[in-house]
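Structure at a glance
Read off the chains here:
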Amino acid sequence: MRELKAKLFQDLSDAVVDMDEEKAVETSHQVIDEGIDAYEAIEKGLAHGMDRVGELFDQEEYFIPEVLICSDAMYAGVEVLKPHLKGDEQGEKKKVVIGVIEGDTHDIGKNLVKIMLETSGFDVFDLGRDIPPQQFVDKAKEVGAHIIGLSTLMTTTMDGMREVVRILEETNLREQFKVIVGGGPISQSFADKIGADGYAANAADAVRLARKLVS
Amino acid sequence: MSTSVNVVFQPLNRTVQVEKGVTILQAARLAGVLIESPCNAVGTCGKCKVKLDQTSRSSIRPYGLHHLSPEEEEQGYVLSCEAEVLGDILVDVPSRSHGTELKILSHGQSVEVTPETYFQKRYEPKDDRTFVFAGDELVGLEQSNTEDQKYGLAVDIGTTTIVVSLVDLGSGQEIASASALNPQSLHAQDVLSRITFASTKRGLMMMYSELINELNRLIERVTEKSIVNREHIYEVIFSGNTCMIHLATGKDPAPLGKYPYIPEFTGAVHLSASEHHLGVSPFGLIYVPPVISAYVGADITSGILASQLHQQKGITLFVDIGTNGEMALAVEGKLSATSTAAGPAFEGMNITCGMRAGAGALEFFQIEDDKTITTKTIGDQEPVGICGSGLLDIVGELVANGVIDKNGRFVKPESTLLPASLKERLQLRDGKRVFQISRQVYLTQKDVRQVQLAKGAIRTGIDLLLRSKGITSDAVDRVLIAGSFGYHLRAKSLIHLGLLPDSFDGKIEFIGNTSKTGAQAFLMNQSLRKEMEKGVTEIEVIELANYGDFEQVFVRSLGF
């Protein structure tokens, strides 16, 4: 049994990496049929696969389309496994409020980060694009977020990120949330300058950063 | 204890005193020393590197090392926009920043126009004076008969380059032309960085006055060349993208940088040349053609005029391949337009060995049938970098020859049947796969990704623009490629890359700098202005981001 379990988890992980949606679904059904724990299958199978995808993206082996197709395979597997999760297992996920800062409507990068965070076990609240700084803070308070993620592609709107940090400081909330930033014109030194907690160069990096900040 | 430190810039040997903590780039700007900083100090382009000697290295806080190779770090290079000065230092500014000659495209497809200029001159023999009229209004008097001395300027203000063309308003002939780097690009390369730079009064003033100064230098050059008296230049056409038009007329471009991207200034007006300090006739005027939207500017209006897009039978697509990827579609004369954020990869930015089209830039790359490689550089010298056309050639050829797979990945040299001549060029550099082009110049996997993003953006624009009119790509009759590097591109590369659909093969025409030739047409015939001012209001502007499946189409367009 243990061997079968390990094999099925590996298959799930491979199905995600190989962008094989059919195999992800098939193997997930097999997991249920064998009475293997669904939560464990997501953790050690599908999510493990997305971790590998993140690494491949980082190594420039995979690009945006591959990551999206992999995540489709992951989600397809999760759909099968989800009804079999025991209530308490879906439990406390770390929460991230994410969005594109006010003045900018380019959101493909943000969407990619969202997918990578979700598939890595974060609960993501996506505000969308062209979002005023105050709205990030309001939403983070409302849902009790751990992290606020800010994205922009345009140098002209970067200052809105500084504003989010400023509002947090002014309202004595700075210690409650970690602020992470990313996007085309953003750099580590910009993150340092505005007092953010971290910068991620890409979606895989964002997952690593988010995990580090909430651990 | 004093907090001031001295920074000495070599080889100019210029010293400036600054507060501790100021960046080297800020110090250089104070000292009036030019260090090229295309991304305007956000620390993303890595092009503003300078070299420090051993002792100076301990007097700075470097940051930004991720853009430097280990060898460069070893040699004492730092990014001037991020390195903060902590003590007295000596900075060596690399010679590449000292301004090299650029290859600038100054010709393009033009349209025959009947001379009908805005300015008219009439000689009155009885008082031996010449009357100068602007429209119907008498604006000036000149001694003796100057009737045959009536000139105008067509100016293309590109984000990277400026072209000034001196035109005889009598005959419509171009008498001389001159071009130069847009001086603003040295502080900030792309439109968005330019808007940010101009967000302070001082920054805007600097962008505006540097541009006007450069225009005056170019005016001097064309008039000297042709022995034309500058006082006899009466009208100047400013063609350029919406941001350039704002900066050239001293207007704040800030609204262009934020959604909903509404331009404050939309052209279609006359401005006083003397108020803008242009060295032409004291009663000279500037005419700015109408802009279409924040990201489809007066340069595209000029392009439509020069290519007669609105008069074409059938279906014609006009594309300006550049940072903003402007495009216009004409279906039996009815126009729609859009733009797409291609980013600065085509300008050689964000590309490891990228550079502008200056001396030493690789501009042509071909893999021959026997799998040997032919390259050409500007100035026929040893390549020092890759410019936009070279970049598209390289990636296009590598895709066509199986060195890059359809997902954009370099193939694994050990597991493919590549000929040895190509295989040996797939090398490892700092642990990452690169394609080695010459001793100094190579293409990285990351560079390929940047090209994918840029070409994917343009292809998405094309696909969605066509779809918005219910047209498939094979129904398109003609494809006109305009823009600063238009002529240098090859149709083959654009198709290999998937930047253009396969079905465009054989329908592609390169029409060159139509911003300039369109400006000449505007200059020669004032009725065309009214015609285009009306025409522009009828163009349907399409906002790609509002298409629900924009992202899916974009992602699909990334592969080769």
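Residues numbered from 1 in each chain as written. Chains lettered and ligands numbered in written order. Predicted model: local features only at pLDDT ≥ 70, side-chain atom pairs only at ≥ 80, totals over all residues.

Under the annotation held in an unreviewed UniProt entry, chain A carries the name Cobalamin-binding protein and is attributed to Heliobacterium mobile. Of the comments in the UniProt record for chain A, the one headed Sequence similarities (unreviewed entry) reads "Belongs to the methylamine corrinoid protein family." (UniProt positions renumbered as here; feature names shortened; annotations may be inferred.)

Taken together, the contact pairs 27 residues of chain B with 23 residues of chain A. Secondary-structure elements contributing two or more residues to the side of chain B that touches chain A are α4 (191-197), α10 (445-468) and α14 (550-556) of chain B. (Contact = placed C-beta atoms within 7 Å. Helix = DSSP H or I, 4+ residues; strand = E, 2+ residues; numbered from the N terminus.)

Before going further, it helps to examine unusual backbone geometry. Following Q10(B), the chain continues to P11(B) via a peptide bond in cis, the omega torsion being 5°. You can see P11(B) is positioned in the loop between β1 (4-10) and β2 (14-19). The omega torsion across Y259(B) and P260(B) is 5°, close enough to zero to call that bond cis. Phi at M19(A) takes a positive value of approximately 60°, unusual for a residue other than glycine.

Right, let's get into the domain arrangement of chain A. All names here are of chain A. Along its sequence, chain A is carved into domain 1 (2-89) and domain 2 (92-214). Here the C-alpha centroids of domain 1 and domain 2 sit 27 Å apart. Across the boundary between the two partners, domain 1 contributes 10 residues, which contact 11 residues of domain 2. When contributions to the side of domain 1 that touches domain 2 are tallied by element, the ones reaching two or more residues are α3 (38-58) and α4 (64-81). (Domains from an automatic or database assignment.)

Residues and elements named next belong to chain A. Pairing in this open sheet of 5 strands is parallel, and the strands run β2-β1-β3-β4-β5 from one edge to the other. Lying at the two open borders of the sheet, with one neighbouring strand each, are β2 (123-126) and β5 (198-199). In this sheet, β2 lies alongside strand β1 (residues 95-100) in parallel orientation, the contact comprising 4 bridges. The residue of β2 that forms the bridge with K95 is D123. Across the face of the sheet, helix α6 (residues 133-143) comes into contact with β1, β2 and β3 (147-151) while running at roughly 160° to β1. (Pairing = 2+ DSSP bridges. Axes fitted to C-alpha atoms, helices over the stretch in contact; angles between N-to-C directions.)

All right, on to the sheet that holds strand β22 (residues 385-386) of chain B then. Read across the open sheet, the 3 strands follow the order β21-β20-β22 (chain B); overall the sheet is mixed. Of all strands in the sheet, those bounded by a partner on one side alone are β21 (373-377) and β22 of chain B.

Moving on, we get to the pairing of strand β18 (residues 327-331) of chain B. Residue and element names in this part refer to chain B. The buried count for β18 comes to 4 of 5 residues, which makes it a mostly enclosed element. In sequence, strand β17 (residues 315-320) turns back onto β18 through a hairpin of 6 residues, with G325 there showing a positive phi of about 40°. In terms of strand pairing, β18 meets strand β19 (residues 334-338) through 5 bridges, oriented antiparallel. Counterpart to V331 in the pairing with β19 is K334. Taken together, β18 and the strand that follows it, β19, pair antiparallel across an intervening segment of 2 residues, in which E332 is found at a positive phi of about 45°. (Buried ≥ 20, exposed ≤ 12 C-beta atoms within 10 Å, placed from the backbone.)

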